[in-house]
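# Examining the three-dimensional arrangement
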Amino acid sequence: SRPCRVPARRNIMDVLLEKVKPYVDRTMEIVMKVVVPIAHKCFHACMVKIILWQQIAVNLKIRDDTKIALVVGLLMGVVIIIVLSYNPGEPFDYFTGESPPDPRNPQPVKKVKVEDDGEEEEED
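Residues numbered from 1 in each chain as written. Predicted model: local features only at pLDDT ≥ 70, side-chain atom pairs only at ≥ 80, totals over all residues. Heavy atoms only, no water.

## Considering the pattern of salt bridges
Threshold: In the sections that follow, a salt bridge refers to a side-chain nitrogen of Lys or Arg positioned within 4 Å of a carboxyl oxygen of Asp or Glu. Secondary structure counts use DSSP, requiring at least four H or I residues in a row for a helix and at least two E residues in a row for a strand, with both numbered from the N terminus. Between buried and exposed lies partly exposed: a residue is buried under 20% and exposed over 50% of the maximum accessible area for its type, with that area taken using a 1.4 Å probe on protein chains only.
Per the stated rule, a full pass over the model turns up 4 salt bridges. Lys33 is the partner of Glu29 in a salt bridge, and the nearest nitrogen-oxygen pair spans 3.3 Å. A residue pair is termed a helical-turn pair when its members lie 3 or 4 positions apart in one helix, as Glu29 and Lys33 do in helix H1 (residues 12–59) at 4 residues. With a relative accessible area of 59%, Lys33 lands in the exposed category. The network of salt bridges with shared partners includes Arg26, Glu29 and Lys33.

Following this line, the structure appears as structure tokens:
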């Protein structure tokens, strides 16, 4: 008698990874051929500009405390822009001067009674 062979149980993640692997490989190939060289060129260009600006700043006759104030001001500006871009605040209607209602905290709706005109149609 031959022994009964039971197929080994495969982890669902292994099966999914096998199916996704060709797509991941193709995406990584595209990233390495296209995105990395562009990012490298941009990084190189930025570094060149930073070095040029540094050389210009060194050649200028500016006091050290002025340089420190410029750097601190630029850093504070960048931080403020980043914080405001992630936390823009609540919207404001400049025409009415009121904020729109908050959908997370709805206000109760006032019930309005509709009064009938009292006129009835006559049937012939």
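Let's pick the thread back up.
## Brief notes about the layout of surface pockets
What counts here: The pocket and cavity definitions rest on a 1 Å grid over protein atoms only: a 1.4 Å probe that fits but cannot leave marks a cavity, an open set with protein on both sides within 12 Å along at least five of seven lines marks a pocket, and residues lining either have an atom within 4 Å of a point. Grid points are joined across faces, edges and corners, and a volume is the space filled by probe spheres set on the points. Ten residue types, Ala, Val, Leu, Ile, Met, Phe, Trp, Tyr, Cys and Pro, are classed as nonpolar, four, Asp, Glu, Lys and Arg, as charged, and the remainder, Gly among them, as polar.
In this structure, the largest pocket encloses a volume near 170 Å³. If you trace the largest pocket, you find it lined by Trp53, Gln54, Ile56, Ala57, Val58, Leu60, Ile62 and Lys67. Considering every element that reaches the lining of the largest pocket, the biggest residue donor is H1, with 5 residues. Grouping the constituent residues of the lining of the largest pocket by class yields 6 nonpolar, 1 polar and 1 charged.

## Here we look at a nonpolar patch on the surface
Short version of the rule: Excluding any residue in a salt bridge, patches collect residues exceeding 30% relative accessible area, merging like charges within 9 Å and nonpolar Val, Leu, Ile, Met, Phe, Trp and Tyr side chains within 5 Å. Using a 1.4 Å probe, the Shrake-Rupley method yields the accessible areas, and only the shown protein chains count as cover for residues.
A cluster of nonpolar side chains, namely Val20, Tyr23, Val24, Met28, Met32 and Val36, defines an oily patch on the protein surface of about 580 Å² accessible area. Relative to the helices and strands, Val20 resides in helix H1.

## Comments concerning the state of the cysteines
Put simply, the rule reads: Working definition: a disulfide is two cysteine sulfur atoms within 2.5 Å of each other.
If you walk through the whole model with that rule in mind, you get 0 disulfides. With no disulfide partner, Cys42 has as its closest neighbouring cysteine sulfur the one in Cys46, 6.6 Å distant. In this structure Cys42 comes out as partly exposed when scored by relative accessible area, which is 44%.

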